[in-house]
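Summary of the model geometry
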Amino acid sequence: MKVQFTETVLRDANQSLIATRLPYSEFDGILETMDKAGYYSLECWGGATFDSCLRYLDEDPWERLRKIRAKCPNTKLQMLLRGQNLLGYHHYPDDVVRMFVKKSIENGIDIIRIFDALNDVRNIEVAVDETLKNGAIASGAICYTQSPIHNLESYIKLAKQMEELGCQTICIKDMAGILGPNEAYDMVKALKENVKTPIILHTHCTTGLGMLTLQKAVEAGCDVIDTAISSFSGGTSQAPTETMAYALKQEGYDVDLDLSVLKEINDFFKPIKDEYLKKGTLNPLVLSTDTNALNYQIPGGMLSNLVAQLTAQNKMDKFNDVLLETPKVRKDLGYPPLVTPMSQMVGVQATVNVLVGERYKNISKEVKAYIKGEYGRAPGEIDKDLMKKVLGDEEPIKGRFADTLEPGFEKAKKEIGEKAKSDEDVLSYIAFPTQAEAFFDKREEKAKNTFKYSIKRID
Ligand code: CO
């Protein structure tokens, strides 16, 4: 039996531990070595990396991708895409989604892992279709959550729908690290029995279950696991690559990874990690194990948001009430998976319900949009009274929300004008308008300075 590995240090580990602050220049020197490790894929783009490049790192995300591609010609490059939301939280029109997918592949992406926060497959179908049209691998990701309406049957149904769309692999995406070893075993086994595609497991070590869960998943036939090189593993990140490779080899699995190359990679990243610890970008707390998510069935990140909100308002005495209200709000909303942006929406609404002292007296704009159907189909039934309160006599959107949107690419291209030097620039602008425009201005300024400088030198 063979097990393959996706290395996450450049994307999820970077995002989970140091808020995606790793600039290209810091890992440029190890890419050629990473290319020789024997990974199934390198998760290196999408998620928060794109935003972070423009907002904090003063980097062109597209150029970053092209540079990684040039240094890693032999390894599949992978990105994470939020379906119709691309890298953000609202829906984009289909022409923008198609152009984004096409350009991602053109610039070097081989595998696009596509998910929707509500597991509404209508929100991933356009991205999957375009991925396939451009000859890349579409991986459908199931957001794993626990609720009375989420069970093996519902996940199998979802996986089958993804397979029908043409997804070549199916990934179980456990963003909160709450998937237990036996649940993983049963889920992988059930998926293997019901779909033909390879199965991938993505989990986090947040609650300490990570390594146990991956091991049991592999025993159930999981084909690929997501891990992070050890210096960037553990806590809110993934399980350590070297440890999993070592243990699974010992169990008799066929592992393609070269342990001596992995050591070289880890030796490279270790001082970088130490530097981030020293600077404070890496908070040791995120490296520790936090089992609260298991007690409350609320992801760790969401719990810390709740605490922050209540502390800011000097209302920590209401913490228990909010903890009790949260699952009720989630139930009223039809049990959405607690992943961004639903985790924030549910958390804020629960807090408001408690602090105002009356449930749904104030309803956030986002929750209203969700109830209208602007995010997609709720997994379960939305509470009838709440629905009536928000919609009145209006009907919720029945079809795909993106079908109500006007095409957006050409309009944005006109809007940003000459500041955009390529279609990629236009896409950066569509994804993060303010950050992209500021980045273009700075780039222009830099180019001017370089030009002046070169003239001086000629003189
Ligand atoms: Co993740």
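For the structure itself, look to the data block above.
**Topic: the nonpolar core**
Counting 105 residues, the largest nonpolar core has F5, Y39, F100, I265 and F269 as its most contacted members. In this structure, F100 is in contact with W45, F50, W62, M79, L81, L86, L87 and L427, ignoring residues within four places of it in sequence. By size, the runner-up hydrophobic cluster in this structure holds 29 residues, among which are V329, L333, Y360 and I371.

**Let's talk about the side chain of R69**
Structurally, the position occupied by R69 is in helix α5 (residues 61-71). Reaching out from R69, the side chain makes a polar contact with the backbone oxygen of C72 at a distance of 2.7 Å.

**Here's the deal with the environment of A378**
Looking at where A378 falls in the secondary structure, it is placed in the loop between α18 (365-372) and α19 (384-391). For A378, a relative accessible area of 14% gives the class buried. Linking A378 and A117, residues 261 residues apart in sequence, is a C-alpha distance of 10.0 Å. When residues no more than four places from it in sequence are discounted, the contact partners of A378 are L333 and Y370.

**A short note on the coordination of the cobalt ion**
Coordination of the cobalt ion by the protein involves D12 (OD), H202 (NE2) and H204 (NE2), with metal-donor separations of 2.1 Å. Each donor residue of the cobalt ion lies on one chain, and together they are spaced D-x189-H-x1-H. Within this pair, whereas D12 is found in helix α1 (residues 12-18), its partner H202 is found in strand β7 (residues 199-202), the two being separated by 190 residues in sequence. Residue classification places D12 among the buried residues on the basis of a relative accessible area of 4%. The class for H202 is buried, based on a relative accessible area of 1%.

**Section: unusual backbone geometry**
Most peptide bonds take the trans configuration, and most residues that are not glycine carry a negative phi. Between T340 and P341 the backbone carries a cis peptide bond, its omega angle lying at 0 degrees. Position of P341 among the secondary structure elements: in the loop between α16 (319-332) and α17 (342-356). With a phi close to 50 degrees, A19 is a non-glycine residue in the positive phi region. Within the secondary structure, A19 is located in the loop between α1 and α2 (24-27).

**Let's talk about the packing of aromatic side chains**
Two descriptors summarise a pair of aromatic rings, namely the distance from one centre to the other and the angle between the planes of the rings. On inspection of all chains with the given rule, the structure shows 13 aromatic pairs. Seen in terms of ring centroids, Y24 and F27 are 5.2 Å apart; in terms of plane orientation they differ by 75 degrees. Their pairing is edge-to-face. Taken as a pair, Y24 and F27 lie in helix α2 at a separation of three residues, close to a single helical turn. Note on Y24: relative accessible area 8%, which makes it buried.

**Focus on the packing of helix α6 (residues 94-106) against helix α21 (residues 423-431)**
Closest axis-to-axis distance for the α6/α21 pair is 10 Å, and the angle between their directions is 125 degrees. Between α6 and α21, the angle is such that the two are oblique. You can see that α6 and α21 cross each other, and the crossing is left-handed. Where α6 approaches α21, its residues V96, M99, F100 and K103 are matched on the opposing element by D423, E424, L427 and I430. In the contact of α6 with α21, the residues fall into five nonpolar, no polar and three charged.

**A closer look at the pattern of salt bridges**
In total, this model carries 32 salt bridges according to the counting rule given. We note a salt bridge from D94 to R400, for which the minimum N-O separation is 2.5 Å. Here D94 is found in helix α6, whereas its partner R400 is found in the loop between α19 and α20 (409-416), with 306 residues between them in sequence. Residue D94 is classed as partly exposed on the basis of its relative accessible area of 23%.

**Notes on the pairing of strand β4 (residues 111-115)**
Among the five residues in β4, five count as buried, and that is most of the element. Neither face of β4 is left uncovered, since the one carrying I111, R113 and F115 and the one carrying I112 and I114 both have all their residues buried. Relative to β4, strand β3 (residues 76-81) is paired through four bridges, and the arrangement is parallel. If you follow L80 over to β4, its bridge partner there is R113. In the classification by handedness, the crossover that spans β3, the intervening α6 and the parallel β4 is right-handed. When β4 meets strand β5 (residues 137-143), the two strands line up parallel, connected through five bridges. Bridged to F115 within β5 is A141. With helix α7 (residues 125-133) bridging β4 and the parallel β5, this β-α-β connection has right-handed handedness.

Thresholds applied
Residues numbered from 1 in each chain as written. Predicted model: local features only at pLDDT ≥ 70, side-chain atom pairs only at ≥ 80, totals over all residues. Heavy atoms only, no water. Core = buried A, V, L, I, M, F, W, Y, C linked by side-chain atoms within 4.5 Å. Buried < 20%, exposed > 50% of the residue type's maximum accessible area, 1.4 Å probe, protein only. Contact = heavy atoms within 4.5 Å. Helix = DSSP H or I, 4+ residues; strand = E, 2+ residues; numbered from the N terminus. Polar contact = N/O pair within 3.5 Å; in protein donor to acceptor, adjacent residues only side chain to side chain. Donors = N, O, S within 2.8 Å, 3.2 Å for Na, K, Ca; no water. Phe/Tyr/Trp six-rings, centres within 6.5 Å; stacked < 30°, edge-to-face > 60°. Axes fitted to C-alpha atoms, helices over the stretch in contact; angles between N-to-C directions. Parallel < 35°, antiparallel > 145°, perpendicular 65-115°, else oblique. Left-handed = near helix turned anticlockwise from the far one by under 90°. Nonpolar A, V, L, I, M, F, W, Y, C, P; charged D, E, K, R; others polar. Salt bridge = Lys/Arg side-chain N within 4 Å of Asp/Glu carboxyl O. Pairing = 2+ DSSP bridges. Right-handed = clockwise from strand over helix to strand, strands pointing away.

Limitation: the analysis is restricted to geometry and does not speak to function.
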